[in-house]
Each structure stands twice: as structure tokens, then as C-alpha cells.
Amino acid sequence: MKNISIVQRLGAELLGTALLLAVIIGSGIVGDTLDNGNVAITLLAHSLAVGAILVVLIAMFGPVSGAHFNPVVTFVFWLKKDITTEHACYYILCQILGALIGVFLVHLSFEQDMIQYAQTVRTGYGKYIGEVIATFGLVFVILFTLRTNPTYIPASVGLYIFAAIWFTSSGSFANPAVAIARGISDTFTGIRFSDVPMFIVAECIGAFCALMLYKFFFIEDVTSVLRNKQKEIC
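Residues numbered from 1 in each chain as written. Predicted model: local features only at pLDDT ≥ 70, side-chain atom pairs only at ≥ 80, totals over all residues. Heavy atoms only, no water.

A short note on the nonpolar core
Most often, soluble globular proteins keep nonpolar side chains buried together rather than apart. Using the following cut-off: For this analysis, a nonpolar core means a set of buried residues of the types Ala, Val, Leu, Ile, Met, Phe, Trp, Tyr and Cys, connected via side-chain atoms within 4.5 Å. Any residue under 20% of the maximum accessible area for its type is buried, any over 50% is exposed, and the rest in between are partly exposed; the area is computed with a 1.4 Å probe on protein chains only. Secondary structure counts use DSSP, requiring at least four H or I residues in a row for a helix and at least two E residues in a row for a strand, with both numbered from the N terminus. In this description, contact between two residues means that some pair of their heavy atoms is separated by no more than 4.5 Å.
Judged by nonpolar contacts, the single largest core of 51 residues is most densely connected at Leu-20 and Leu-21. Those elements that place two or more of their residues in this core are helix H1 (6–34), helix H2 (39–65), helix H3 (71–79), helix H4 (85–109), helix H5 (125–148), helix H6 (153–167), helix H7 (176–182) and helix H8 (196–217). Discounting residues that sit within four places of it in the chain, Leu-20 has contacts with Val-50, Ile-53, Leu-54, Leu-57, Phe-69, Asn-175 and Val-178. Tyr-128, Phe-173, Ala-179 and Ile-191 belong to the second-largest nonpolar core, a separate cluster that totals six residues.

The structure is reproduced here in C-alpha cells:
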């Protein structure tokens, strides 16, 4: 798609992140209501719903905004110089705002308090390591698949998150906007707000490590850039 304005891109990021959080919170509420005490059933329903909506949202909004829906993804593309500093800041603000809107609307739709204070404790080095792994995997999948098989990005991201919700100790937030928004939802997917900052730190570490490993695999890109600069100087 050509001639997409920054306003349209920001709208896609806001709406996409809002819908993502609506599914994250809503699927947890519905699963918790219907599982008859079987937490595994709730987790399965939640992970399937989140993986599925990611496929849909990325396929929809990818051509518009890149379908980041995630501050650390935007941060990584900023480090790669694929997005300007100004636009990256706007993206991140819209992602956080969209995440909050998504949570508020879902709470209201289930006739709950719009703003809640999550009580679920998610702390300890094991959880933080799990969140590093979850975010590392997500960003690495995005970067690597964009380079090798870009048409598979929606499915790759959706399937990875579905798997990561099950295999990581943190539950695979892998997204600072998600962590912030889940801090104000005292539901199945909530996180005590005081635990959010360390999750965000872990997510940033995981994202940066993914970028470094990606550069290792495609080091010829860096070498090519350096050679071109040397030719320009000469």
C-alpha cells in the first residue's frame, strides 16, 4: 500500500493494539468463567485466542503500519533505522493508549469496574528470565521471518505466541504495552502493577539480544554497508 499517512499508521497501531488486548483480557475472563476450576483449559483457550487474533491483526494492518502493536518491536525497528525517532515515539504512545482502551472496553463489556488493580503476583528471577526468553523469541521470529519468508509473518508470530504462552514461566507477555495494560486488570491475565517494571526491563533485554543475534546471521548486510560508505569516502 502506498501513500499511507502517519495518522493512518498511528490509527492502525492504536486499533490493532486495542483489539489485541481485548482478546487477551476477554479470553481470560471467559475461560476462567467456563473452566470449572481447570486452569489448563483456560490457558488453552486464552493461548489459542491470542495466537489467532495476532494472525488476523498482522495480516490486516501489516501493510498499513507494519503491525508492531508492541513498543519493543518499534524500538528494534528504530535501532535498525527503519523508523524515525519521531514516528517511533508516536507509535509507542498509540500502542500504550490502544492497550488501555482495549482493557477498559472489555471490562465494561463484562460489566466489571473499568479500572482494576491486578493482584496476581508475577515476580522472581525465573519469571524475568522467562520474559527475556519470550520477548527474545518473538522479536527474533519477526526479524528472521521478515528476511527469509515475509508472507509467513502473521502465522509465525501467532504460532510463536501460542507456544510461548505454554513454554515460558512468565506467560509470555513479550510486550510492554501489554504488561502495562494487564496491570490494571484483576482477571486471569492480570499482573500486579508493582511487577510490571521488571517485566518491561526483561522485555527490552530480550528484544536487544534478538537484534544482536539477527545481525550475526546477516552480518553481510553490515559489511556491505561499511564497504559502500568506504567507497563514498574514497
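Okay, back to it.
Observations regarding the side chain of Glu-13
How we decide: Counted as positive: Lys and Arg. Counted as negative: Asp and Glu, with His and the chain ends omitted from the count. For salt bridges, the criterion is a side-chain nitrogen of Lys or Arg within 4 Å of an Asp or Glu carboxyl oxygen. Here a polar contact is recorded for every N or O atom pair within 3.5 Å, except that within protein the pair must consist of a potential hydrogen donor and a potential acceptor, and residues adjacent in sequence are included only if both atoms are side-chain atoms.
Relative to the helices and strands, Glu-13 is located in helix H1. Within the buried set, Glu-13 has no salt-bridge partner at all; the shortest N-O distance to an opposite charge, 8.5 Å, is to Arg-9. There is a polar contact of 3.0 Å between the side chain of Glu-13 and the backbone nitrogen of His-68. For Glu-13, the contacting residues outside a window of four places in its chain are Ser-65, Ala-67, His-68, Phe-69, Tyr-91 and Gln-95.

Remarks on the environment of Ala-45
Tracing the backbone shows Ala-45 in helix H2. Exposure remark for Ala-45: the relative accessible area of 33% places this residue in the partly exposed category. Distance from Ala-45 to Ser-27, taken between C-alpha atoms, is 6.8 Å for residues 18 residues apart in sequence.

Looking at H4
Because an α-helix packs 3.6 residues into every turn, residues spaced three or four apart end up facing the same way. For clarity, the threshold we go by: Take the residue count of a helix, subtract one, and multiply by 1.5 Å to get its expected span.
Between the first and last C-alpha of H4 there are 36 Å, a value that for 25 residues agrees with the 36 Å anticipated at 1.5 Å per step. By the burial criterion, the buried members of H4 are Ala-88, Tyr-91, Cys-94, Gln-95, Gly-98, Ala-99, Gly-102, Val-103, Val-106 and His-107. Packing partners of the buried residues in H4 comprise H1, H2, H3 and H7. A positive phi of about 55° marks Glu-111, the residue just after H4.

Section: the pattern of salt bridges
Per the counting criterion, the structure on display carries two salt bridges. Two residues, Lys-80 and Asp-82, come together in a salt bridge whose shortest N-O distance is 2.7 Å. Look at Lys-80 and you get partly exposed, because its relative accessible area is 26%. Linking Asp-195 and Arg-192 is a salt bridge whose minimum nitrogen-to-oxygen distance equals 2.9 Å. You can call Asp-195 buried: its relative accessible area is 3%.

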